[in-house]
Amino acid sequence: MVKKFVFPDYIFESSWEVCNQVGGIYTVLSTRAKTLQQYIKDRIIFIGPDCWGDNKCPFFEEEPSLFADWKAIALQSGLQVRIGRWTVPGRPIAILVDFKPFFEHKNEIYAQLWDDYQVDSLHAYGDYDEASMFSFAAAKVVESFYNSLLTAKDRVIYHGNEWMTGLGVLYIQKNVPQIATVFTTHATSIGRSIAGNNKPLYEYLFAYNGDQMAGELNMESKHSIEKQTALHVDCFTTVSDITDNECKELLDKPADVVLPNGFEDDFVPQGSAFTAKRRTARRRMLEVASALLGEKFDDNTLILSTSGRYEFRNKGIDVFIEAMNRLRHDERLDRKVLAFIDVPAWMKEPRADLQERLQSKQLFDTALPVPQLTHWLNEQDNDRALGMMRYLDMNNRPEDKVKVIFVPCYLTGNDGIFNLSYYDLILGNDLCVYPSYYEPWGYTPLEAVAFKVPCITTDLAGFGLWAEKTLGRTSEIIDGVKVIHRTDYNFSEVAENIKNTIVTFSAFDKKQVDKSRSHAFQLSKKALWEKFIVYYEEAYDHALRKAQQRLTPSQS
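It should be emphasised that the depicted structure is a prediction, and the values quoted were computed from it without experimental measurement.

Across the sheet, six strands lie side by side as S14-S11-S10-S15-S16-S17; this open sheet has parallel pairing. Looking along the sheet, the strands with just one partner apiece sit at the ends: strand S14 (402–407) and strand S17 (481–484). Neighbouring strand axes in the sheet, compared pairwise and without regard to direction, differ in orientation by 25° on average. The pairing of strand S16 (residues 455–458) with S17 spans four bridges and is classified as parallel. Bridging across to S17, Thr457 finds its partner in Val483. Against the sheet, helix H10 (residues 271–293) touches strand S10 (302–307), strand S11 (337–342) and S14, its axis set at about 95° to S11. Contacts from helix H11 (residues 317–327) reach S10, S11, S14 and strand S15 (431–433), with the element oriented near 170° to S11.

This is the structure in structure tokens:
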């Protein structure tokens, strides 16, 4: 018998990335919005930071008529909000709140948090204060909205994402106990820090003490708010089995429900539009490479890329470069390869010399200086990717079969070189490589396969584990996704495996390539939100039932 879940009447969901495109959480929330809108239209309300000042937020359209009476009430209580719609599929309601006025009260807020939940904010630094004041402001928005417009008969969820929302989740838990709370850690702050500090995470996970490591790595405050929120919330969730294990060991609390990250593919072009966009993307990548390197690249060139945040080890950028270094010496490779590293760094400006060449439409037979780079960087001599390429003597010489090009900017469509968005460029690849060491889920490979681009990932990525679980066996590149076994110590083996997989793929005939692309696309269909939303139904049900249990008779 299938259990019938209790579903909320209202969902408030907060994140630093609501209407604010920073990383993968933006993709999680913005693609899921459409499905939730189909369940409870305009009763899923996202809350994000109003961090735009006098600039217009490119992801938000204000609608002054929305909740106008409540907005006046909120303003009287010191809440400055803008209400409108998040300009993503489903166009959900979004509230942007100005959190800056709460900075003058932060000491009292932190003191109360310590009294209520023993959260250590004494060691806060960097973005902790900013995130916490937003979190508090978001909770005050929910509290005001609930007290003004809703009743005890309404089933209400408050869902916070990442440690940045923990303070607000705990505030709601204490001050508006009628609201059920859900908290999702997409990656534990201490796990990410252990991995990013070149410490072995997985083999020693059972032996690590999260509190002790937080002290060692100067992460006490972020770890404290994350751990206490996980322990006290009505429903604690994370995004993959691999991160659930991390939560159990480092936060002393396994997830109540695992919420794998789904996908909405309505921005993937279809039919002739897809073919035209793929042709445009390939042509642009070949043009940029030709202008930068002074070399002609025909359509037989194998184009591949890696992308994501600039976490050199965690995202496997280091092993990607090593694999390309090995590939250029492999005698079995009989095609030119262009390998792009599409990773935003501390970019200074697009290269004027490269822009001039692209505008001239001439054919050049000499490379530009620093032929590995499309945009100049700040502190360029200290960049890790460029430094590793220099160390390995990867200078994109004419005789090198493999050319590696670092694209250190956000591909928004106006970067000055490609002038195509990430999604308009990714479908031009033949293959994508994401050899992550630390990747709780992994949207980049999921996005790649949705655009029919086969990819290489690892079993340390939640997506890689899910792909093999879905297939029921070891996944090879002909299946659309090659999942490579990765551990704390097998860097060299992973690089060799990537190289060999690319050599294998480069020798595929058209029928094999089409088969691999088709399998990749079919796999992406199994990760649509319509398939994964059931896990959220379970989490909401869990939270609502738990909240009901803790309410006193007078409140229920």
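Moving on, we come to unusual backbone geometry. One non-glycine residue, Asn198, lies in the positive phi region at around 60°. Mapped onto the elements of the fold, Asn198 is located in the loop between helix H6 (189–196) and helix H7 (210–216). Of note, Asp252 is a non-glycine position whose phi angle comes to about 60°, a positive value. Among the structural elements, Asp252 can be located in the loop between helix H9 (241–250) and strand S9 (257–258). Asp252 gets classed as partly exposed once you look at its relative accessible area, which sits at 49%.

This paragraph deals with the sheet that holds S9. The strands making up a sheet associate through backbone hydrogen bonding, with each pair oriented either parallel or antiparallel. A sheet is described by the order of its strands in space; here nine strands give the open sequence S3-S4-S5-S2-S1-S6-S7-S8-S9, paired in mixed fashion. Here the strands that pair on one side only, and so sit at the sheet edges, are strand S3 (60–62) and S9. Of the pairings in the sheet, the one linking strand S1 (residues 10–14) to strand S2 (residues 44–49) comprises four bridges and is parallel in character. Bridged to Ser14 within S2 is Ile47. Sheet strands in contact with H9 are strand S7 (180–185), strand S8 (235–238) and S9, and its direction is about 125° off that of S8.

Rules used throughout
- Residues numbered from 1 in each chain as written.
- Predicted model: local features only at pLDDT ≥ 70, side-chain atom pairs only at ≥ 80, totals over all residues.
- Heavy atoms only, no water.
- Pairing = 2+ DSSP bridges.
- Helix = DSSP H or I, 4+ residues; strand = E, 2+ residues; numbered from the N terminus.
- Axes fitted to C-alpha atoms, helices over the stretch in contact; angles between N-to-C directions.
- Contact = heavy atoms within 4.5 Å.
- Buried < 20%, exposed > 50% of the residue type's maximum accessible area, 1.4 Å probe, protein only.

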